[in-house]
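# Tertiary structure, described
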Amino acid sequence: ATGLVYVSQSLTGPGGGGGVHVLSADDLAKVALVTEPSGFYGPHGLAVDSAAQRIYVARDFRLGGPCAPAVTALSVIHRRDDGRHVIERTVPLGEQAVRAIDVAVDPAAGLVYVAGLGGADLSPRLMVLDRAKHTLLGHVPIPGGSARAVAARPGTGMAYVVGEGGLTVVDAAGRAREITHRLGRRPWTVAVDPDTGVAYVGDRVDGTVTRIEPLDGIG
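Residues numbered from 1 in each chain as written. Predicted model: local features only at pLDDT ≥ 70, side-chain atom pairs only at ≥ 80, totals over all residues. Heavy atoms only, no water.

Before going further, it helps to examine the pattern of salt bridges. If you walk through the whole model with that rule in mind, you get 7 salt bridges. Between arginine 131 and aspartate 49 there is a salt bridge, and its shortest N-O distance comes to 2.6 Å. Note that arginine 131 is positioned in the loop between β10 (125–130) and β11 (136–141) and aspartate 49 in strand β4 (residues 43–49), a separation of 82 residues in sequence. Grouping residues by exposure puts arginine 131 and aspartate 49 together as buried. (Salt bridge = Lys/Arg side-chain N within 4 Å of Asp/Glu carboxyl O. Helix = DSSP H or I, 4+ residues; strand = E, 2+ residues; numbered from the N terminus. Buried < 20%, exposed > 50% of the residue type's maximum accessible area, 1.4 Å probe, protein only.)

Below is the structure:
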């Protein structure tokens, strides 16, 4: 509605840190760069909440060098009435190995979903946050080697998570895993038709897009 496009960029090296680029949808001209004085480190997937005028950014980084403690978090950017973008808050998401990678929002259900890659002895997971308070409500383990991407079907409270284990549909309101549908060698991205509930999963290795009908009435 505002005619804007948001792109996250992670930079490395001295003076790096990255940020979120705000572009004009008409000609992709740069409108603004949302960052922090010390650097907006480790931004990955993001989601736009048009109704709340907010952008949610999944972040995973080491602040202070490769041997520094890892930080995994969700940053909330607010677009003010005057058009300026400010980082409203950054919410820690618990254990370092969670490795937040992607985010989706369901405004009608009042939920924000963050996919975590997991690692070491920590399983992949979907983290569920309250959209109004940005507090962590809980998490759901995801089968397979990762939870790489997440999408929402607005109004259902259902999250669609893809990773090496395939597509997992989660009842995020009840924080229970509903069903997992195994797919190709490296499921990497997911999108959901808000009207029909049909999911589309892209595979990085096979170079395919798979269409998946709503599973057993779920979603």
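A few words now on the sheet that holds strand β3 (residues 30–34). The strand order across the open sheet formed by 3 strands is β1-β2-β3, and the pairing between neighbours is antiparallel. Here the strands that pair on one side only, and so sit at the sheet edges, are β1 (4–9) and β3. Neighbour-to-neighbour, the strand axes of the sheet open up by a mean angle of 20°, direction not taken into account. With 6 bridges joining them, β1 and strand β2 (residues 19–24) adopt antiparallel strand pairing. The partner of valine 7 across the bridge, within β2, is histidine 21. (Pairing = 2+ DSSP bridges. Axes fitted to C-alpha atoms, helices over the stretch in contact; angles between N-to-C directions.)

Okay, the nonpolar core next. Counting 17 residues, the largest nonpolar core has Tyr113, Leu126 and Val150 as its most contacted members. Every element with two or more residues in this core is listed here: β8 (100–106), β9 (111–116), β10, β12 (149–153) and β13 (158–163). Top contributing element to this core by residue count: β9, with 3 residues. Judged by nonpolar contacts, the second largest core, of 16 residues, contains Leu74, Val91, Val105 and Met127. (Core = buried A, V, L, I, M, F, W, Y, C linked by side-chain atoms within 4.5 Å.)

Here we come to the environment of threonine 90. Considering the arrangement of structural elements, one finds threonine 90 in strand β7 (residues 85–92). Note on threonine 90: relative accessible area 35%, which makes it partly exposed. The residues contacting threonine 90, other than those within four sequence positions of it, are Glu36, Arg59, Ala73, Leu74 and Ser75. Polar side-chain contacts of threonine 90 include one of 2.8 Å to the side chain of serine 75. (Contact = heavy atoms within 4.5 Å. Polar contact = N/O pair within 3.5 Å; in protein donor to acceptor, adjacent residues only side chain to side chain.)

In the Ramachandran plot, leucine 28 falls in the positive-phi region, its phi being about 60° despite a non-glycine side chain. Positionally, leucine 28 belongs in the loop between β2 and β3. Residues other than glycine seldom take positive phi values, yet glutamine 53 does so here, at roughly 55°. Since its relative accessible area comes to 26%, glutamine 53 is described here as partly exposed.

With that settled, consider the pairing of strand β15 (residues 176–181). Where strand β14 (residues 166–171) lies against β15, 5 bridges are found, and the strand directions are antiparallel. Bridge pairing in β15 places leucine 167 opposite histidine 181. Taken together, β14 and the strand that follows it, β15, pair antiparallel across an intervening segment of 4 residues, in which arginine 175 is found at a positive phi of about 50°.

All we've got here are geometric facts, nothing functional implied.
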